[in-house]
Amino acid sequence: AVDQAIEAAGLDVDIIGGAAHSIPVDWFSDLKAGGAFEHMDAIAIHPYSTRPEQFEDQIALLRLAMGDTQLPIEVTEFGQEFGSLAEAPNYLVKMVSVMAASGIERASWYALAKQQWFPNMELYDPTTGTSTPAGKAFAFMDMLLGIGEVTKLAVDDFTYAYAFGVNAMVVWGEPRSISLGAGVNAYDLTGNLITEFSGKIDSITPIVLISDAPITLG
């Protein structure tokens with residue numbers, strides 16, 4: 001009825017449906033079977049229960065269930081409950097990387113300001129007028145997304161590497177050592193240059209690599 005009313009009024013309004021917590025494939029299969037997809041411009045998910053490392057596989061299952069009616073997917077909420085403000089950038093950077101590589105049309109971090117239910121994920125502190133660590137990571141990732149298309153790089157089953165264009169990369173995974181080629185610099189998740197990079201990665205905190213020249217995997 002809403003779709004018909006919008007069309008009759010000649011309005012240019014997108015209808016985004018589902019508004020689902022997590023990525024419930026059966027729920028969207030039922031919506032499709034009921035004809036809902038015919039009246040929607042995109043579907044919305046809130047992947048609170050999905051680890052970043054599992055996101056790509058779950059989205060693939062969702063797209064498989066959508067069959068011949070492939071609608072754009074929007075993440076209209078994403079975030080987590082964190083033990084401290086310093087923990088939030090790890091999750092934010094991972095999720096932005098995997099969502100962009102998985103073809104998500106648009107994503108909205110929840111939430112901007114401090115609130116009761118999900119502590120330590122706010123982007124902005126109004127008492128000081130400054131960005132939190134999550135806010136700084138948000139701005140850094142926004143800059144990286146402007147560099148170019150995000151693609152997942154084939155490394156191994158225990159390393160996650162995402163290229164942003166050809167001059168930047170986000171990497172994390174099981175503990176191991178990596179060496180950086182000439183001109184490749186490592187940055188922390190708030191955009192600060194790591195002047196003495198340890199040469200090690202881990203599964204908790206991603207690192208960002210940026211170079212003036214294209215970065216290639218050895």
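Each remark here, short or long, concerns the structure printed above.
Residues numbered from 1 in each chain as written. Predicted model: local features only at pLDDT ≥ 70, side-chain atom pairs only at ≥ 80, totals over all residues. Heavy atoms only, no water.

Caption draft 1: Geometry of the nonpolar core. The biggest cluster of nonpolar side chains holds 47 residues, and the ones touching the most others in it are I43, I45, F55, L62 and L144. In terms of residues, this core owes the most to one element, helix α4 (residues 88–101), which gives 8 residues. Not counting chain neighbours up to four residues away, the residues in contact with I45 comprise A20, S22, I23, F28, F55, I59, L62, I73, E74, V75, T76 and E77. One finds A161, V171, I201 and I215 within the second-largest nonpolar core, a separate group that totals 9 residues. (Core = buried A, V, L, I, M, F, W, Y, C linked by side-chain atoms within 4.5 Å. Buried < 20%, exposed > 50% of the residue type's maximum accessible area, 1.4 Å probe, protein only. Helix = DSSP H or I, 4+ residues; strand = E, 2+ residues; numbered from the N terminus. Contact = heavy atoms within 4.5 Å.)

Caption draft 2: Representation of the side chain of E53 within the structure. Looking at the secondary structure, you find E53 in helix α3 (residues 52–66). What makes E53 buried here is its relative accessible area of 17%. Filtering out sequence-adjacent residues up to four positions away, E53 remains in contact with K94, Y160, W172 and S203.

Caption draft 3: Local environment of the pairing of strand β13 (residues 207–211). Counting buried residues in β13 gives 5 out of 5 residues, a clear majority hidden from the surface. Side chains of β13 alternate between two faces, with I207, L209 and S211 and V208 and I210 buried alike. One ladder, built from 4 bridges, connects strand β9 (residues 168–173) with β13; its direction is antiparallel. Looking at β13, one finds that M169 is bridged to L209. (Pairing = 2+ DSSP bridges.)

Caption draft 4: How the structure looks around the sheet that holds strand β4 (residues 106–109). Spatially, β1-β2-β3-β4 is the arrangement adopted by the 4 strands of the open sheet, whose pairing is parallel. Both edges of this open sheet fall to β1 (16–21) and β4, since each of them pairs with a single strand only. With strand direction ignored, the average angle separating the axes of adjacent strands in the sheet is 15°. Direction of pairing for strand β3 (residues 73–78) relative to β4: parallel, over a ladder of 3 bridges. The partner of E74 across the bridge, within β4, is R106. Running over the sheet, α4 touches β3 and β4 and is turned about 175° from β3. (Axes fitted to C-alpha atoms, helices over the stretch in contact; angles between N-to-C directions.)

Caption draft 5: Representation of α3 within the structure. Here α3 spans 22 Å end to end across 15 residues, near enough to the 21 Å set by a 1.5 Å rise per residue. Close packing links the buried residues of α3 with α2 (25–33), β2 (42–46), β3, α4, β8 (159–164) and β9. Two residues or fewer past α3, G67 is found with a positive phi of approximately 60°. (Expected span 1.5 Å × (residues − 1).)

Caption draft 6: Local environment of the pattern of salt bridges. What the rule picks out here adds up to 6 salt bridges. We note a salt bridge from R51 to E53, for which the minimum N-O separation is 3.5 Å. Via salt bridges that share partners, R51, E53 and K94 belong to a single interconnected network. (Salt bridge = Lys/Arg side-chain N within 4 Å of Asp/Glu carboxyl O.)

Caption draft 7: Layout of unusual backbone geometry. The linkage connecting Y110 with the following residue, A111, adopts the cis geometry, with an omega of 15°. Tracing the backbone through its elements, the reader meets A111 in the loop between β4 and β5 (124–125). One non-glycine residue, A19, adopts positive backbone phi at about 45°. Topologically, A19 is positioned in strand β1. Accessibility expressed as a relative area gives 53% for A19, which makes it exposed. With phi around 65°, N120 is a residue other than glycine that occupies positive phi space. Within the fold, N120 resides in the loop between β4 and β5.

Caption draft 8: A look at the sheet that holds strand β7 (residues 150–156). Taken in spatial order, the 5 strands make up an open sheet running β7-β8-β9-β13-β11, and their pairing is antiparallel. Looking at the sheet topology across the chains shown, the edges are occupied by β7 and β11 (184–187). Strand-to-strand twist in this sheet, taken as the mean axis angle between neighbours without regard to direction, amounts to 25°. Where β8 meets β9, 6 bridges bridge the pair, whose relative direction is antiparallel. Following the sheet pairing, T159 is matched in β9 by G173.

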